[in-house]
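Given next are the chains, with one letter for each unit.
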Amino acid sequence: MYSSAQRPATIQVLGSAHSTDSWTNATSAILEKTGRNLLHQESHPLSILKSLIFKEFPDFAHYDSLSPVVSAYQNFDSLGFASDHPGRSQTDTYYINQNTLLRTHTSAHQLQLLEAGRKGDTDLLAQAKNGQAAPGNERFLVAADVYRRDEIDASHYPVFHQMEGVCTFTRDELRQAQAPELKHAKSKLIDSTVISDSNPKQAEHTAEELELLSAHMKRTMNSMVTQVLARAVEAQKKAGEPVQQEFPVRWIDAYFPFTSPSWEMEVLFRGEWLEICGCGVMKQSILDAAGMKDRVGWAFGFGLERLAMLLFGIPDIRLFWSTDPRFATQFAPEQISLFRPFSKHPPCPKDVSFWLPETQFHENDLMDLVRNVAGDLVEDVRLVDSFIHPKTGRSSRCYRINYCSMDRNVTHAEINQIQEQVRGQLVEQLGVTLR
């Protein structure tokens, strides 16, 4: 988020220089996150969850070191995103320049990895863990950090982590494929989804192929999720908490640009339906573009933070980025254990009111500005009032910024200084008129 006067000619991302242009909006606060590598810290909850899921897919290649810098083609065009899809906008995506961005999902690597397998790209294939299980990347998992401009609250953060899975078959392999046995016997399945015009079969697939693909995918996902949740039950037992005896799973029709038909999977966990993942039959156009016209496949993707917050009992998404040893030392590799709160400091709320500029205003610009100035001192930002002046027609908004550190008390004097910086930047960068 730079004005033309402020924008540097180049920015550094993971040691490489990239030219900037009018699309550049990746701030220094965001770029600093690109090298944190939370998934490589064995005792970090996200890394623990990643490892548990990797173990559920022993015949897949495993990737967790792919660069977050991708092309707009990789992130959008290769997956069939429409040219006017809102995800392409600067208000939703962190651009390094018009053609280069920080990936918004792990699906950005689907075509790249499929092509690498077909062409025998040894440099890329060498990055796989367990690569010998699928030397042609016919089956792979990708775990990675992803970046999206978003609101500020306890469950949203501009950087989070996803797990992507792709499984392909020749048509002969598909007819013989065996999905994993359901490992948790008490898993009730609820599936009333149907193939329809709104969630259609692709013309390139027969009805039999669709049935085989969807059945293999759903059984695989049911097995993986219930097995991971069963590990969470072990943590509940150790903590002396009530133990859940079964994990009902339900499937819901969905839409994604790169799968058809598409579904979302939900699991009843601790009394609420938890959306686990989105998945579906891969668009045949993606496989064709990779030179794999003889193969069909399915894919899934989901956010690791949402699941980790429930499994580990972590109440605030900012904690995943904490360097406080009182957080880091609570966890051990490959073990799910419940988070023990170590502090609760009172929030320090501050309001800011302003008239909107005549130019376009987007709330995500405000959120990014606050993050860039105050970092993780901000617990949430909420719109508390808005109105239109009856005579001038000007629009006014009032936002409440709750400042709250996770590891120390903050003073009003300290926060007042930060708030004044926020107010000044709102005027300078967004063109608002303070009230």
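Higher on the page you've got the structure.
All figures in this text were calculated on a predicted structure; none of them were measured in a lab.

*Asks:* I'm lost on the pattern of salt bridges in this one. Help?
*Replies:* Two side chains bearing opposite charge may form a pair once their charged atoms approach each other closely. Counted under the stated rule, the structure contains 22 salt bridges. Between Arg88 and Asp77 there is a salt bridge, and its shortest N-O distance comes to 3.0 Å. Taken as a pair, Arg88 in the loop between helix 3 (72–75) and strand 5 (95–97) and Asp77 in the loop between helix 3 and strand 5 lie far apart in primary sequence, 11 residues in all. Assessed through its relative accessible area of 38%, Asp77 is described here as partly exposed. Measuring nitrogen to oxygen at the nearest pair gives 3.5 Å for the salt bridge that ties Arg149 to Asp368. Within this pair, whereas Arg149 is found in the loop between strand 7 (139–147) and strand 8 (159–170), its partner Asp368 is found in helix 11 (residues 363–374), the two being separated by 219 residues in sequence. Of the two residues, Arg149 and Asp368, neither departs from the other in class, the shared state being buried. Linked by salt bridges that have partners in common, Lys50, Asp64 and Lys129 make up one network.

*Asks:* Is there a simple way to explain the pairing of strand 12 (residues 272–282) in this structure?
*Replies:* Taken residue by residue, a regular strand's side chains alternate between the two faces of the sheet. Extensive coverage of strand 12 is indicated by the burial of 8 of its 11 residues. As judged from the 9 bridges shared by strand 11 (residues 259–269) and strand 12, these two strands associate in the antiparallel manner. Each residue of the ladder has a partner; that of Phe269, found in strand 12, is Glu272. Following strand 11, the chain reverses through 2 residues before pairing antiparallel with strand 12; Arg270 in that reversal takes a positive phi of roughly 50°. As paired elements, strand 12 and strand 13 (residues 295–303) share 4 bridges and run antiparallel to each other. Bridging across to strand 13, Cys279 finds its partner in Phe300.

*Asks:* I tried to follow the packing of helix 2 (residues 45–55) against helix 9 (residues 304–312) on my own but got confused; where do I start?
*Replies:* Geometrically, a packed helix pair is captured by the angle between its two axes and the distance between the axes. Where helix 2 meets helix 9, the closest approach of the two axes is 10 Å, and the angle between their N-to-C directions is 100°. With respect to each other, helix 2 and helix 9 are oriented roughly perpendicular. Contact with helix 2, carried on its side by Pro45, Leu46, Ile48, Leu49 and Ile53, involves Leu304, Glu305, Leu307, Ala308, Leu311 and Phe312 of helix 9 and no other residues of that element.

*Asks:* Would you mind showing me how to read the environment of Lys344 here?
*Replies:* Structurally, Lys344 is set in the loop between helix 10 (325–328) and strand 14 (348–355). In this structure Lys344 comes out as exposed when scored by relative accessible area, which is 67%. Between the C-alpha atoms of Lys344 and Leu46, which are 298 residues apart in sequence, the distance is 22 Å.

*Asks:* Where do I start with unusual backbone geometry in this structure?
*Replies:* Most peptide bonds take the trans configuration, and most residues that are not glycine carry a negative phi. Cis geometry is adopted by the peptide bond preceding Pro261, which originates at Ser260 and carries an omega value of -5°. Positionally, Pro261 belongs in strand 11. Of note in this structure, Asn137 is not a glycine but carries a positive phi near 55°. Within the secondary structure, Asn137 is located in the loop between helix 5 (122–125) and strand 7. Using a relative accessible area of 1% as the deciding quantity, one classes Asn137 as buried. Phi is positive for Glu334, which is not a glycine, with a value near 65°.

*Asks:* Looking at this structure, how should I read the sheet that holds strand 3 (residues 61–63)?
*Replies:* Sheets are built from strands that pair by backbone hydrogen bonding, the pairs being arranged parallel or antiparallel. Spatial strand order, 3-7-8-13-12-11-10-9: 8 strands in an open sheet with mixed pairing. In the strand order of this sheet, the two ends are held by strand 3 and strand 9 (189–191), each with one partner. Each neighbouring strand pair of the sheet contributes to a mean axis angle of 25°, computed without reference to strand direction.

*Asks:* So what exactly am I meant to see when it comes to the sheet that holds strand 14 here?
*Replies:* In spatial order, the strands read 15-16-14-17; together these 4 strands make up an open sheet with antiparallel pairing. Single-partner strands in this sheet number two, and they are strand 15 (378–388) and strand 17 (433–434). Note: strand 15 against strand 16 (residues 395–403), 9 bridges, orientation antiparallel. Each residue of the ladder has a partner; that of Arg382, found in strand 16, is Arg400. Lying on the sheet, helix 12 (residues 412–430) is in contact with strand 14, strand 16 and strand 17; it crosses strand 14 at an angle near 20°.

Definitions and limits used
- Residues numbered from 1 in each chain as written.
- Predicted model: local features only at pLDDT ≥ 70, side-chain atom pairs only at ≥ 80, totals over all residues.
- Heavy atoms only, no water.
- Salt bridge = Lys/Arg side-chain N within 4 Å of Asp/Glu carboxyl O.
- Helix = DSSP H or I, 4+ residues; strand = E, 2+ residues; numbered from the N terminus.
- Buried < 20%, exposed > 50% of the residue type's maximum accessible area, 1.4 Å probe, protein only.
- Pairing = 2+ DSSP bridges.
- Axes fitted to C-alpha atoms, helices over the stretch in contact; angles between N-to-C directions.
- Parallel < 35°, antiparallel > 145°, perpendicular 65-115°, else oblique.
- Contact = heavy atoms within 4.5 Å.

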